[in-house]
Every structure is written in structure tokens, then in C-alpha cells.
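Residue-level listing of the chains:
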Amino acid sequence: MNKQTVDEILQQGISGPLETKPEERRKYLGSLRERIIVALTKNQVAESKVYPQVEQLMKEYPEAHLFLNGNMGYEQYSKYIKLASKRKISHTIVTNKEHNTDIGLVLAMDHAIDKEDIYITNTPITIPEVNKSQGWFHKLFKRKK
């Protein structure tokens, strides 16, 4: 094993233990990006309903851990604590007064899974507009002039 020098011990005593990717850990409530299954923003967590995608992912990953932003009100994230308890998933409320993040919820593993898309986006359904001067019937049977 590697023995630490006196300088390393003093440096860790002054600034705290060495930590990998501290900025990433602050952003993702103590977890690393490569371990995350799904992440929600504070606004998404504050919505009245639980995201069904989060519930489905809790079913798929029963050994996951739920991290919640403690800088939010308990009433905003309590529904996710109840859901995690129902699924027997452990949770941690993370409060960092020195750093503010827009992430409100993180469901993560204790090892890397490298999931490409971790955010749930609410994209509104758009209905294509029909040219009112010609109508849809005209578009169906185009005439060549």
C-alpha cells in the first residue's frame, strides 16, 4: 500500500479528504454522472404528480439509491420518499448550503452504468398545421399542373 507523506496528511487535514470530481458531485447531489439512472430538476420534483418514468425505473433498478435536494421543501419531494419506501429503495436528503444546484432528484447506482440520457423532458405534443386555404383534402390528392 502507498504510505502518505506528512505533507499529504497535512493538506487533507486543512482542505478535507481528496474527492473525485467534486463539482460533478455537488451538481448531482453527491453522485457521479456515470452512476445516474434518472435525474429531475427542482421544478419537475415540485410538480404535484410523480413522474411515471421514475416509478418504472425504481421497479427496474431495485438496488438503486434515491438522492433528494434538501434545499427544497419537504412537501415537494415527500411523494418520492413514499414511492422509494414502497419499493424498498433507500434514500438520502442532501443539503449543501454552499452550493446550489437545479437538480432536485437523482436515482443512481453505486457503480457506473453510463446511461446516455438521464433527464426526463416534457415535450408538448405538437399538431401539424394544415394550410387552411387549400385544406387537407387538397394535400391528399395533389394535382399536377
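All values derive from a computational prediction rather than experimental measurement.

A. Region of the structure containing the overall build of the chain. The secondary structure content of the chain amounts to six helices and four strands. Taken from the N to the C terminus, the helices and strands of the chain come in the order α-α-β-α-α-β-α-β-β-α. Taken over 145 residues, the chain has a buried fraction of 28%. Residue pairs at least 24 apart in sequence account for 80% of intrachain contacts in the chain once pairs closer than 6 positions are excluded. For the chain, the exposed area adds up to about 10800 Å²; of that, 53% sits on carbon and sulfur atoms.

B. Local environment of the nonpolar core. Ranked by internal contacts, the top residues of the largest apolar core, which has 22 residues, are L40, V54, M58, L66, Y80 and L107. For this core, the elements supplying multiple residues, two or more each, are β1 (36-41), α4 (52-60), β2 (65-69), α5 (74-86) and β4 (103-108). The greatest single-element share of this core, amounting to five residues, is contributed by α5. Residues Y28, F67, V106 and A108 belong to the second largest nonpolar core, which totals nine residues.

C. Summary view of the pattern of salt bridges. Applying the stated criterion across every chain, the model contains three salt bridges. Measuring nitrogen to oxygen at the nearest pair gives 2.7 Å for the salt bridge that ties E23 to R26. Note that E23 and R26 are positioned in helix α2 (residues 22-27) at a spacing of three residues, about one turn of the helix. Using a relative accessible area of 45% as the deciding quantity, one classes E23 as partly exposed.

D. Quick look at unusual backbone geometry. The backbone phi angle of L29 is positive, close to 55°, even though this residue is not glycine. With respect to the element layout, L29 can be found in the loop between α2 and β1. A relative accessible area of 3% means that L29 is categorised as buried. The phi torsion at K88 lies on the positive side, around 60°, for a residue other than glycine. You can see K88 is positioned in the loop between α5 and β3 (90-94). Its relative accessible area of 74% is what places K88 among the exposed residues.

E. The sheet that holds β3, seen in detail. Spatial strand order, β1-β4-β2-β3: four strands in an open sheet with mixed pairing. Looking at strand neighbours, the two that pair on one side only are β1 and β3, the edges of this open sheet. Neighbour to neighbour, the strand axes of the sheet diverge by 15° on average, direction disregarded. Sheet analysis places β1 next to β4, joined by five bridges and oriented antiparallel. Residue pairing in the sheet places A39 in a bridge with V106 of β4. Most of the contacts of α5 go to β2, to which it runs at about 165°, and overall it touches β1, β2, β3 and β4.

The rules behind the values
Once a new chain begins, its residue numbering starts again from 1 and follows that chain's sequence as written. Local features in this predicted model are restricted to residues whose pLDDT is 70 or higher, and side-chain atom pairs enter the listing and the counts only when it is 80 or higher, whereas totals over whole chains, interfaces and linings include all residues. Excluded from the side-chain calculation are hydrogens and water; included are all heavy atoms of the structure. Helix numbering and strand numbering both begin at the N terminus, where a helix is a DSSP run of H or I of at least 4 residues and a strand a DSSP run of E of at least 2. Whether a residue is buried, partly exposed or exposed follows from its accessible area with a 1.4 Å probe, protein chains only, as a fraction of its type maximum: under 20%, in between, or over 50%, in that order. In what follows, residue pairs with any heavy atoms lying within 4.5 Å of each other are defined as contacts. Here the accessible surface of atoms and residues is derived via Shrake-Rupley with a 1.4 Å probe, and residues count as covered only by protein chains that are part of the display. Nonpolar core, defined: a set of buried Ala, Val, Leu, Ile, Met, Phe, Trp, Tyr and Cys residues in which side-chain atoms within 4.5 Å join the residues together. For this document, the term salt bridge refers to a Lys or Arg side-chain nitrogen within 4 Å of an Asp or Glu carboxyl oxygen. For two strands to count as paired, DSSP must find a minimum of two bridges between them. Only C-alpha atoms enter the line fits that serve as axes; for helices the fit covers just the stretch in contact. Angles between N-to-C directions range over 0 to 180 degrees.

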